[in-house]
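Residue strings, one per chain:
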Amino acid sequence: MIKSIKSIGLFVTPLLLLTLVLTSSGINEYQLTGVLDDCFCDVESIDVFNNYKIFPKLQKLQERDYFRYYKVNLKRPCPFWPDDGHCSIKDCHVEPCPESKVPLGIKSGNYNKYSQEANHEDDLEDCEQSNKLGAVNSTLSNQSKEAFIDWARYDDAQDHFCELDDETSPEVQYVDLLLNPERYTGYKGPSAWRVWNSIYEENCFKPRSVYRPLNPLAPTISGDNGESFYEWLEGLCLEKRVFYRLISGLHASINLHLSAKYILEDTWGNPRWGPNTKEFNLRFHPAYTKGEGPRRLKNLYFLYLIELRALSKVASYFERSIVDLYTGNMEEDAATKNLLLDILTDTKSFPMHFDEKSMFAGNKKEARSLKEEFRLHFKNISRIMDCVGCDKCRLWGKLQTQGLGTALKILFSEKEIQSLPENSPSKGFQLTRQEIVALINAFGRLSTSIKELQNFKYLLHDNR
């Protein structure tokens, strides 16, 4: 264990040693320790790396203007079943951000595709009239401009793992993520379970004859404790196992957020939010989940590794001088990019990354077919997010699925990223501002989940 800590360059303090003791003994019943399935990384190393190195920086980055405003359509109809009504609980409500509050550079469309020379207020008028191509830097050569226009016309739908909102729709709105935090809203019951049931039962490569543990909408089979499901899962190819673990990890992360930001009391319209150990136990303790809880939490760590790997892979995209996280405030933009690059450098230093090259590595024709099936299944899940009845849950569900979809797009675009030109756009690989915002905030949610898990370890240890 100490070897793992040294490998990421951290000084072992008494507080850190106490954390390791709590991890290994204070939460024994959760069996949350050791090496994860399908990779060579251990839980303890991720805890130390995240909680003491990445988490504090991510918190600061998510507060920056570029990353706090997310454009989303919360009114798209559910494509799979009739609308069963929206959540009427007040905490389900999302407060849209008036456009007057959104930084001018973000509204202008001059997101991240050109160098700092374009970032002058004099260019904003030209920016708004650039036919939705963004403001092409006047210092770019004609060849670069043509490449930029080619990219704008390039149909990259084959690379998308998510159903993207149409940003030109009148129903799309900006949301300030800091003013609409993810937390427990009271949205639950058949409507919520219908969403997750559709995700697991119809999109995780699972035959209906194999029952997922603790699915309240499936018939109960006498004597089946869920182990038959895992016997079936282990018999799948790596890619399909990975798909299930990603979805399970996302579900676990969301449940952790709801347990950590639970409404503890609401006196005179002044609610107090905080960790609820009872709710945490109901969602994760082996005794309440037929042994399923620890597996869910390990899948959270697995998902963290996947998105961490994607960030390390996409670092070279952001390191180019042409990429600018543009809001219209040059000082703010420079500080934001420097902080992002600092975080990406940290992600590259992690010594136990998931090896995505082990996926889709067999027969080329079969690998292509499996990758496409993988992509379409995940794209379908992103569409299911439009069936969530609680607006705040829908907001964060859409953001986190888009973030994961962007991470998958990155992992499957390694060659394109490696061949990116330094000073001009490329049609081979691009990220929109929405994808960038979703990628960072989705990873921020996973980072927060692992940090909150540490807090629950302390609370459960103190309550023993």
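Being a predicted model, the structure only gives us computed values, none of them experimental.

Asks: For the pairing of strand β1 (residues 69-72), give the residues involved together with the corresponding values.
Replies: Burial along β1 is two-sided: the residues Tyr 69 and Lys 71 and Tyr 70 and Val 72 are all buried. Of the pairings in the sheet, the one linking β1 to strand β2 (residues 173-176) comprises four bridges and is antiparallel in character. The residue bridging Val 72 from the neighbouring strand is Gln 173, located in β2.

Asks: Can you explain the packing of aromatic side chains? Please cite residues and give values.
Replies: A full pass over the atoms with the stated rule returns 22 aromatic pairs. When the centroid spacing of 5.6 Å and the interplanar angle of 40 degrees are considered together, the rings of Phe 229 and Trp 232 count as tilted. Of this pair, Phe 229 and Trp 232 both sit in helix α9 (residues 227-234), three residues apart, which is roughly one turn of that helix. Assessed through its relative accessible area of 1%, Phe 229 is described here as buried. The ring of Trp 273 carries the charged tip of Arg 183 above its face, separated from the ring centre by 4.0 Å. Against the face of Trp 396 rests Arg 445, its NZ or CZ located 5.4 Å from the ring centre.

Asks: Residues and numbers for the pattern of salt bridges, please.
Replies: Close approach of charged atoms allows side chains of opposite charge to pair. Applying the stated criterion across every chain yields a total of 27 salt bridges. One salt bridge connects Arg 76 with Glu 163, and the closest N-O pair in it is separated by 3.9 Å. Residue Arg 76 is located in the loop between β1 and α5 (104-108), and its partner Glu 163 is located in the loop between α7 (142-153) and β2; the two are separated by 87 residues in the primary sequence. Taking the relative accessible area as the measure of exposure, Glu 163 reaches 32% and is therefore partly exposed. Close ionic contact of Glu 435 with Lys 409 constitutes a salt bridge, the shortest N to O distance being 3.1 Å. Remark: Lys 409 occurs in helix α15 (residues 391-411) and Glu 435 occurs in helix α17 (residues 433-462); sequence separation between them is 26 residues. A single salt-bridge network, built from bridges that share partners, covers Asp 37, Asp 38, Glu 234, Arg 241 and Arg 245.

Asks: Mind laying out the packing of α15 against α17, listing which residues take part and the relevant values?
Replies: Orientation of α15 relative to α17, taken along the N-to-C sense of each, is 105 degrees, at an axis distance of 7 Å. As judged from the angle between their axes, α15 and α17 are roughly perpendicular. Across from Trp 396, Leu 399, Gln 400, Gln 402, Gly 403, Leu 404, Thr 406, Ala 407, Lys 409 and Ile 410 in α15, the residues of α17 making contact are Gln 434, Glu 435, Ala 438, Leu 439, Asn 441, Ala 442 and Arg 445. Tallied by class, residues from the contact of α15 with α17 come to eight nonpolar, six polar and three charged.

Asks: Tell me about helix α10 (residues 238-260), and please be specific about residues and values.
Replies: Its 23 residues give α10 an end-to-end C-alpha distance of 32 Å, which sits within 8% of 33 Å, the value for a rise of 1.5 Å per residue. Burial of α10 is extensive: 22 of the 23 residues sit out of reach of the surface.

Asks: So, empty space enclosed by the protein: which residues are in play, and what are the values?
Replies: Within this structure, the stated rule accounts for three cavities of 30 Å³ or more. Here the largest cavity defines a volume of roughly 50 Å³. His 160, Phe 161, Cys 162, Leu 164, Gln 402, Gly 405, Thr 406, Lys 409 and Glu 435 together form the lining of the largest cavity. No other element matches the four residues that α15 contributes to the lining of the largest cavity. Among the residues making up the lining of the largest cavity, the classes are represented as three nonpolar, four polar and two charged.

Asks: Tell me about a positive patch on the surface, residues and numbers included.
Replies: There is a patch of like positive charges on the surface, built from Lys 364, Lys 365, Arg 368 and Lys 415. If you tally residues by element for the positive patch, the top one is helix α14 (residues 364-384), at three residues. Considering the arrangement of structural elements, one finds Lys 415 in helix α16 (residues 414-418). A residue is classified by how much of its surface remains accessible, and Lys 415, at 69% relative accessible area, is exposed.

Asks: How would you summarise the environment of Glu 373 if you had to cite specific residues and measurements?
Replies: Mapped onto the fold, Glu 373 is located in helix α14. On the basis of relative accessible area, Glu 373 is assigned to the partly exposed category, the value being 33%. For Glu 373 and Lys 240, which are 133 residues apart along the polypeptide, the C-alpha to C-alpha distance reads 9.9 Å.

Asks: Describe in detail the state of the cysteines, supporting the description with residues and values.
Replies: The final tally for this structure, using the stated rule, is one disulfide. In this structure Cys 41 is not part of a disulfide, and its nearest cysteine sulfur, from Cys 39, lies 6.1 Å away. Residue class for Cys 41 comes out buried when judged on its relative accessible area of 0%.

Asks: Describe the side chain of Thr 406, and please don't skip the residues or the numbers.
Replies: Relative to the helices and strands, Thr 406 resides in helix α15. A relative accessible area of 2% places Thr 406 in the buried class. Leave out the neighbours within four places in its chain, and Thr 406 touches Leu 431, Glu 435 and Leu 439.

Asks: Any chance you could break down the UniProt feature "binding site: FAD" (unreviewed entry) in the protein for me, citing the residues and the numbers?
Replies: The UniProt feature table records "binding site: FAD" (unreviewed entry) at Arg 183, Thr 185, Trp 196, Ser 248, His 251 and Arg 283. Residue position: Trp 196 is located in helix α8 (residues 190-203). Residue class for Trp 196 comes out buried when judged on its relative accessible area of 13%. Apart from the residues within four sequence positions on either side, Trp 196 is in contact with Arg 212, Ile 247, His 251 and Ile 254. With respect to the secondary-structure elements, Arg 283 resides in helix α11 (residues 277-284). Setting aside residues no more than four positions away along its own chain, Arg 283 makes contact with Tyr 184, Asn 255, Leu 258, Ser 259, Thr 289 and Arg 296. A polar side-chain atom of Arg 283 sits 2.5 Å from a polar atom in the side chain of Asn 255.

Criteria and cut-off values
- All residue numbers refer to position in the chain's written sequence, counted from 1.
- The predicted origin of the model limits local features to residues at a pLDDT of at least 70 and limits the giving and counting of side-chain atom pairs to 80 or more, whereas totals for whole chains, interfaces and linings rest on all residues.
- Excluded from the side-chain calculations are hydrogens and water; all other atoms, namely the structure's heavy atoms, are used.
- For every residue, the accessible area obtained with a 1.4 Å probe (protein chains only) is divided by the maximum for its type, and the residue is called buried under 20%, exposed over 50%, and partly exposed between those limits.
- Only DSSP runs of H or I reaching four residues or more are called helices, and only runs of E reaching two or more are called strands; each is numbered from the N terminus.
- Two strands pair under a simple rule: DSSP has to find at least two bridges between them.
- Two aromatic rings, drawn from Phe, Tyr or Trp (for Trp, its six-membered ring), form a pair once their centres lie within 6.5 Å of each other, and the interplanar angle then sorts them: stacked below 30 degrees, edge-to-face above 60, tilted otherwise.
- In this scheme, the term charge over a ring applies when either NZ of a lysine or CZ of an arginine sits within 6 Å of the ring centre and within 35 degrees of the ring normal.
- One speaks of a salt bridge when a side-chain nitrogen belonging to Lys or Arg is within 4 Å of a carboxyl oxygen belonging to Asp or Glu.
- To get an axis, fit a line to the C-alpha atoms, keeping to the stretch in contact for a helix; angles then go from 0 to 180 degrees between the N-to-C directions.
- If an angle is under 35 degrees, it is roughly parallel; if it is over 145, roughly antiparallel; if it lies from 65 to 115, roughly perpendicular; otherwise it is oblique.
- Here, residues are in contact when the closest pair of their heavy atoms is within 4.5 Å.
- In this classification, the charged set is Asp, Glu, Lys and Arg, the nonpolar set is Ala, Val, Leu, Ile, Met, Phe, Trp, Tyr, Cys and Pro, and all remaining amino acids, among them Gly, are polar.
- By this rule, a helix spans an expected 1.5 Å times one less than how many residues it contains.
- In this analysis a 1.4 Å probe is tested at points of a 1 Å grid over the protein atoms alone, and where it fits but cannot get out there is a cavity; an open set with protein on both sides within 12 Å along at least five of seven lines is a pocket; lining residues have an atom within 4 Å of a point.
- Grid points are joined across faces, edges and corners, and a volume is the space filled by probe spheres set on the points.
- A patch consists of residues exposed above 30% relative accessible area that lack any salt bridge, with like charges linked at up to 9 Å and nonpolar side chains (Val, Leu, Ile, Met, Phe, Trp, Tyr) linked at up to 5 Å.
- Residue-level accessible areas treat just the shown protein chains as cover; the underlying method is Shrake-Rupley with a 1.4 Å probe.
- When charges are counted, neither His nor the chain ends are considered; positive counts come from Lys and Arg and negative counts from Asp and Glu.
- Lys charges are placed at NZ, Arg charges at CZ, Asp charges at CG and Glu charges at CD.
- When two cysteine sulfur atoms lie within 2.5 Å, the pair is treated as a disulfide.
- UniProt positions are given in the numbering used here, feature names are shortened, and annotations may be inferred rather than shown by experiment.
- Whenever a nitrogen or oxygen atom comes within 3.5 Å of another N or O atom, the pair is scored as a polar contact, on the condition that within protein one atom can donate a hydrogen and the other can accept it, and that pairs from neighbouring residues in sequence are kept only if both atoms are in side chains.

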